[in-house]
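Understanding the architecture of this molecule
Residue-level listing of the chains:
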Amino acid sequence: MNSYIKPGDNPLLTEERKKCQFSTDILAAFYHENAQKIKRRHEIYQYYLENKELHDPEPTEFMDRYHRLENAERKVSLLKKHVKKAGSPLGLHYTMMIPTILNNADDEQKAEWLPKAQNLEFIGTYAQTELGHGTNLRFLETTATYDPKTQEFILNSPTTSAAKWWPGNLGKSSNRIIVVARLISNGKDYGPHSFFVPIRDPITHKSLPGVTVGDIGPKFGIPTVDNGFLLLNNVRIPRRNMFMKNAKLNPDGTYISPKHAKLAYGTMVYVRAVMIRTMSHMLGLASTISIRYSAIRKQGEIEAGKGEVKVLEYQTQQYRLLPQVARAWAFEFAGRYTRKLYAQFLGGDVDVLPALHGVSSGLKAVVTHQTAQGIEQCRMACGGHGYSEASGLPQLFATAVAGCTYEGENMVMLLQSARQLVKIASDVRKNQKPTKQNPVTDYLYKTSAATKCKIDQTTDPDPSSVIEAFEHVARRLTFAAFDKLEQLKQRGISAENAWVQCGVDLRRAATAHTRTFIARQFSNGILEMRDLPVQAVLKDLLQLYLFYEVLECDGDLLYDGYVIGQQIEYSKNNVYEALRRLRPNAVSIVDSFDFNDRELNSVLGRRDGNVYENMLEWAKSSPLNKHDVMPFHHKYLGKMMEDARQQSKL
Ligand SMILES: CC/C=C\C/C=C\C/C=C\C/C=C\C=C\C(=O)SCCNC(=O)CCNC(=O)[C@H](O)C(C)(C)COP(=O)(O)OP(=O)(O)OC[C@H]1O[C@@H](n2cnc3c(N)ncnc32)[C@H](O)[C@@H]1OP(=O)(O)O
Ligand SMILES: Cc1cc2nc3c(=O)[nH]c(=O)nc-3n(C[C@H](O)[C@H](O)[C@H](O)COP(=O)(O)OP(=O)(O)OC[C@H]3O[C@@H](n4cnc5c(N)ncnc54)[C@H](O)[C@@H]3O)c2cc1C
């Protein structure tokens, strides 16, 4: 039943895989959406194994940033020869440059730029954030002033704080970029718009006249991405280099407004919608590493004399790790919803944008935060070796946690989600019905069921009772925040200040709303699985997810007596029961994420489980170990100890 067993594997991992009670191939295909994608993943990995030039010359953890970037550019240039999508020096090209062309370019611009972008004839990024502003786009300072005489825009960074700052791959890799700048025409400021701006010579790659560009320096993580800065001084571009699918500017400088004020923000909504899957994968990577390692790591006896046990036998270890597996699945199902909604928007349904913005804002915030928390929990559960770069977990955490900031800082995104909730609360208070069906928010128009929550002690709990409980909490918190806003305004406080004074309550309502959305997508998502053994595993993961989340918000549930303490006790027991049922399949469940050793980049998470010998090999490859005695030893510590010995003889 388990295609992951191979000769030479760590027997402790093999014995786990032999306990597998379901088809890992079916579960893997369900996670990656279909068997064809699994087949393609395996083909790419096999290709990688066979092409040594694609391999790192040494573990990248031992490289400085200069050599990491050089190595990444080398591999990316090779990937062009081998496969279409490429790694970090092109990360922003694929996640933002191409989506912006698809989303914001008119047909003529698309015809000119898209084929070149897809063929990697240039490398781009999305330069919106400035040294002085990242969240508040209305106050971006970079200007694009239209010159009707030459039919050009003149781009400038009027102040130091106007410097573009943070865009990935801006520092050294990109040569044609998207610059978000204030469109100024005929003396009028129309606010931020997107422009296609060459910043480096296509042949020499030297920065062009008027362009000052560079790398912003080391960061918390993501070392192979050259996040950069950019200052523009009277850089001229043709009028047609303004993205003109939505807003337009005629040759005489007259401006034509877009159908929807926020269409220009479509790229951000796209990335927020698609990065949910990236986060699910990151949490799946961390779960794979930590659960495989916990299945071969023996530490401590439970019963004296009976020998050390795998740390995965400890209930606490299962409680730390298995909920991360459940959340990875939950996020994958939630992400499928936002990707479908984005596809609807890209297909021309502009009306879906407010709903898409509302759900993707909250989802991006909750998922990135819980992914980062989950990876850190996986790292800590691996003891000292989790703290080693050999585990792959520190870098994975540093990459994932950036998601709490980029694409809209999480607190700001939750408050964006809250805007939608407050508008609905206002409609409900005025007895207005929803203008159109929205499965994400319709529950807010309902009142909580008269009967109390139906969470009880059963071996087959009903997900709907938990989802109704989450809806109850989200409704209560939404209307509590709304009523507080109204009270403040009735006391003469401005709407804007009332909003600020309710910020924490609004954030809590948005978080509860997003939890409800994720739970509903997970519960609906597993209904498609027809294979009974795999369905049983998914139901156990759903049960774990739902009751783990109940424990995470137990105070909100107990607050108004919607549940009683006994039901929280039931929920705890349902979590423990789910852990017990999942334990025998734990290794095979993470095997089914189907992450290969290149993606895992982890000695602890290797498919074969041969950790200790490979930890020693990894450590030996450290450049420090090229020397038995460091060349500078006697100059410093050696001399210090010699002086100390001489001193003690006096
Ligand atoms: C992809 C990752 C893959 C792998 C990971 C590994 C490595 C990756 C490395 C790096 C990451 C990659 C890229 C990162 C890129 C970036 O970070 S790009 C920059 C992102 N910046 C932002 O997101 C800025 C956040 N700020 C904003 O969005 C806005 O300024 C605002 C906070 C929403 C406020 O804007 P504004 O003041 O104009 O709006 P409000 O007054 O708050 O609301 C007015 C109405 O507009 C509606 N609105 C706002 N935004 C949108 C939107 N995007 N779409 C639709 N509608 C929007 C809002 O709801 C209001 O409507 P109303 O409520 O009806 O009035
Ligand atoms: C790894 C990484 C990659 C990035 N890549 C790109 C890229 O490719 N292109 C790009 O354009 N940008 C990029 N960014 C920039 C990123 O989008 C911004 O950092 C982000 O939008 C937050 O803006 P800021 O950093 O200016 O924080 P600020 O906007 O200054 O916010 C600072 C803090 O103030 C609080 N705050 C701000 N506004 C509000 C509000 N209205 N209500 C309540 N609290 C508020 C929040 O707590 C927030 O964390 C990247 C950032 C990182 C870390």
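See above for the structure.
Residues numbered from 1 in each chain as written. Chains lettered and ligands numbered in written order. Predicted model: local features only at pLDDT ≥ 70, side-chain atom pairs only at ≥ 80, totals over all residues. Heavy atoms only, no water.

Re helix α21 (residues 611-620)
What counts here: When a residue's accessible area, from a 1.4 Å probe over protein chains only, is under 20% of the maximum for its type it is buried; when over 50% it is exposed; and in between it is partly exposed. Each helix corresponds to a stretch of at least 4 residues labelled H or I by DSSP, and each strand to a stretch of at least 2 residues labelled E; elements are numbered beginning at the N terminus. The arc refers to the directions leading from the helix axis to the C-beta atoms. Whether two residues are in contact is decided by their heavy atoms, any of which lying within 4.5 Å being enough.
For α21, the set of buried residues is Val 611, Met 615 and Trp 618. For α21, the angular spread of buried residues about the axis comes to 65°, placing them on one side. Residues of α21 that are buried sit in contact with α7 (266-296) and α10 (383-387).

Let's talk about the site of ligand 2
The condition is simple: One heavy atom within 4 Å of a molecule or strand makes the whole residue count as near it. Whenever a nitrogen or oxygen atom comes within 3.5 Å of another N or O atom, the pair is scored as a polar contact, on the condition that within protein one atom can donate a hydrogen and the other can accept it, and that pairs from neighbouring residues in sequence are kept only if both atoms are in side chains.
Inspection of the region around ligand 2 gives 18 residues, with Tyr 126, Thr 129, Gly 134, Thr 135 and Glu 409 positioned closest. Here an oxygen atom of ligand 2 sits 3.1 Å away from a polar atom, N or O, in the main chain of Gly 168. Within the side chain of Glu 409, an N or O atom sits 3.5 Å from an oxygen atom of ligand 2.

As for the nonpolar core
Convention followed: Throughout this description, the term nonpolar core refers to a set of buried Ala, Val, Leu, Ile, Met, Phe, Trp, Tyr and Cys residues connected via side-chain atoms within 4.5 Å.
By size, the foremost hydrophobic cluster in this structure holds 149 residues, and its most contacted members are Ile 291, Val 325, Trp 329, Ile 518, Phe 522, Leu 538 and Leu 541. With 16 residues, α7 is the single largest residue contributor to this core. Leaving out residues up to four positions away in the same chain, Ile 291 has contacts with Leu 312, Leu 321, Leu 322, Val 325, Ala 586, Val 587 and Val 590. Among the nonpolar cores identified, the runner-up in size contains 24 residues, and Ala 144, Tyr 146, Leu 232 and Met 242 belong to it.

Quick notes on the pattern of salt bridges
As a reminder of what qualifies: Whenever a carboxyl oxygen of Asp or Glu lies within 4 Å of a side-chain nitrogen of Lys or Arg, that contact is scored as a salt bridge.
Summed over all chains, the structure comprises 47 salt bridges. With a shortest N-O distance of 2.7 Å, Glu 16 and Arg 583 are connected by a salt bridge. Of this pair, Glu 16 sits in helix α1 (residues 11-18) while Arg 583 sits in the loop between α18 (565-582) and α19 (586-591); the two residues are 567 residues apart in sequence, bridging distant segments of the chain. Of the two residues, Glu 16 and Arg 583, neither departs from the other in class, the shared state being buried. In this structure, Arg 17 and Asp 591 form a salt bridge, with 2.7 Å as the shortest nitrogen-oxygen distance.

Concerning the environment of Arg 176
Along the chain, the position of Arg 176 falls in strand β5 (residues 176-185). On the basis of relative accessibility, which here comes to 17%, the residue Arg 176 falls in the buried class. Separated by 66 residues in the primary sequence, Arg 176 and Lys 110 place their C-alpha atoms 15 Å from one another. Discounting chain neighbours no more than four positions away, the residues touching Arg 176 are Met 97, Phe 122, Ile 123, Gly 124, Thr 125, Phe 196, Val 197, Pro 198, Arg 200 and Pro 202. A polar contact of 3.2 Å, which involves the side chain of Arg 176, links it to the backbone oxygen of Arg 200.

Observations regarding the site of ligand 1
Short version of the rule: Here the accessible surface of atoms and residues is derived via Shrake-Rupley with a 1.4 Å probe, and residues count as covered only by protein chains that are part of the display. Throughout this entry, Asp, Glu, Lys and Arg are counted as charged residues, while Ala, Val, Leu, Ile, Met, Phe, Trp, Tyr, Cys and Pro are counted as nonpolar. The remaining residues, Gly among them, count as polar.
Looking at ligand 1, there are 28 residues lining it, with Thr 135, Arg 138, Lys 262, Arg 272 and Lys 423 nearest. Here a nitrogen atom of ligand 1 sits 3.5 Å away from a polar atom, N or O, in the side chain of His 357. Burial of ligand 1 by the surrounding chains reaches 81%, relative to a free accessible area of 1,300 Å². Residue assignment for the shell around ligand 1 shows that the elements contributing at least two residues are α5 (91-104), α7, α9 (353-380) and α12 (410-429). The greatest single-element share of the shell around ligand 1, amounting to 6 residues, is contributed by α7. In the shell around ligand 1, the residues fall into 12 nonpolar, 10 polar and 6 charged.

Quick look at the side chain of Asn 227
With respect to the helices and strands, the residue Asn 227 is situated in the loop between β7 (211-215) and β8 (228-232). Among the residues examined, Asn 227 registers a relative accessible area of 9% and is labelled buried. A polar atom in the side chain of Asn 227 sits 2.7 Å from the backbone oxygen of Trp 166. Engagement of the side chain of Asn 227 in a polar contact is seen with the side chain of Lys 219, the distance being 2.9 Å. Among residues more than four places away in sequence, those in contact with Asn 227 are Trp 166, Pro 167, Gly 168, Asn 169, Gly 171, Gly 214, Asp 215, Ile 216 and Lys 219.

Points about the packing of aromatic side chains
Stated precisely, the cut-off is as follows: Stacked, edge-to-face and tilted are the three classes for Phe, Tyr and Trp ring pairs, Trp counted by its six-membered ring, which pair at centre distances within 6.5 Å; planes under 30 degrees apart are stacked, over 60 edge-to-face, the rest tilted. Any Lys NZ or Arg CZ that is within 6 Å of a ring centre and within 35 degrees of that ring's normal is treated as a charge sitting over the ring.
The full count for this structure, using the stated rule, is 23 aromatic pairs. Within the aromatic cluster, the residues linked to one another by ring pairs are Phe 30, Tyr 31, Trp 329, Phe 333, Phe 522, Tyr 545, Phe 593 and Phe 595. The cationic tip of Arg 515 hangs over the ring face of Phe 470; the distance from NZ or CZ to the ring centre is 5.8 Å. Lying across the ring of Tyr 48, Arg 598 places its NZ or CZ 5.6 Å from the centre.

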